[in-house]
Amino acid sequence: MAKPFASSADLGEKKQSLEVLAEGVYALTAEGDPNVGAIEAEDFLVCFEALATPVAAREWLARLREYTDKPIRYLVLSHYHAVRVLGASAFGADVIVTHDKTRELIAERGEQDWASEYGRMPRLFKEPESIPGLTWPTATFSDTFTIDLGGDRGDLVLAYCGRGHTEGDLVAWLPKQRIMFAGDLVESQAALYTGDAFHLDWSAATLDKVASFGAETLVGGRGAVARGRHGVDAAIAQTRDFLAVMLREVGAAGSVKEAFERTHRELEPRYGAWPIFEHCLPFNVSRLWDELHGVERPRIWTAERDREVWDQLQS
Ligand SMILES: [Zn+2]
């Protein structure tokens, strides 16, 4: 029987868990759906990631409001993907922060990415008509962007670690609390999506930079919160291993179809049961095949190209 396209048949609600990681530091995880977070400053809030629609975001904010009623000054978006940014209007933030490259990617491919992700993961787009349009950052940076949280709360440092899951991912780092929000640069017991990735950079220098912060708690893009140095190291190692297997198997294949079959065979025993594994793999292999054959920047995914690649590789 043919596999249903991407996550189009995944319609079961996921259980959301709000965790307080330290005083004023919140994470909402959801069994493999995109994670979000918030950080309390003395007299304002910083929210991290916006979910796929304003209606989905408002549900998260209602839970956060059980803990704090401070106004939202900053909304930080780790990268341009639709399921993380299109809920932004619900936050009413004074400032929306991304990396420079994320702004460029939204301009270049934001519309196509919206259509592509909606087709792949319709369940995440709760009341899609509530989306007012593309989300545009109002502040961007190239290297680091520091927010003073006031009092004795320390800083929140937004940092670029190199090309990885996309061309413009940032991590949010709390040096005092040693907590990192890593976006999709690190996944903890969830499959990687690499359809817009730079596998060679990500698997080496970029993950080295992420690891160099020495986080003791890490919230990845999907999956459970990684706790303790051992847990954080394991999440980073899992991410690196997934990429290393892909690089080895796609690199050894003579065709994109063979690349898919080899990669699936090698990854499935360890990662096959993790969220979105089957969904992601055709898109991942297609991009890595391109990357290893001289296509510098990821080709733009459209709803049509998604179906073509799916039919070619997952059928
Ligand atoms: Zn992403």
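Just so we're clear, the structure is a prediction, and the values are computed from it rather than from any experiment.

Peer 1: Describe the pairing of strand β9 (residues 155-160), and please don't skip the residues or the numbers.
Peer 2: With five of six residues buried, β9 is to be regarded as a mostly interior element. Here five bridges tie strand β8 (residues 144-148) to β9, and the two strands are oriented antiparallel to one another. Looking across to β9, one finds that Thr144 is bridged to Ala159. Hairpin connection of β8 to β9: six residues between the antiparallel strands, including Gly150 at a positive phi of 80°. Where β9 and strand β10 (residues 170-174) come together, four bridges link them in antiparallel fashion. Note on β10: the bridge partner recorded for Ala159 is Val171.

Peer 1: Give a description of the sheet that holds strand β12 (residues 217-220) that names residues and reports values.
Peer 2: Adjacent strands of a sheet form backbone hydrogen bonds with each other and so pair up, either parallel or antiparallel. The mixed open sheet is built from six strands, whose spatial order is β8-β9-β10-β11-β12-β13. Every other strand in the sheet has two partners, leaving β8 and β13 (226-227) as the edge strands with one partner each.

Peer 1: I'd like a description of the environment of Arg103, backed by residues and values.
Peer 2: Here Arg103 is to be found in helix α3 (residues 100-120). Taking the C-alpha atoms as reference points, Arg103 and Thr140, separated by 37 residues in sequence, lie 7.6 Å from one another. Excluding residues that lie within four positions of it along the chain, Arg103 makes contacts with Thr98, Trp136, Pro137 and Thr140.

Each value, and the rule that gives it
Residues numbered from 1 in each chain as written. Predicted model: local features only at pLDDT ≥ 70, side-chain atom pairs only at ≥ 80, totals over all residues. Heavy atoms only, no water. Buried < 20%, exposed > 50% of the residue type's maximum accessible area, 1.4 Å probe, protein only. Helix = DSSP H or I, 4+ residues; strand = E, 2+ residues; numbered from the N terminus. Pairing = 2+ DSSP bridges. Contact = heavy atoms within 4.5 Å.

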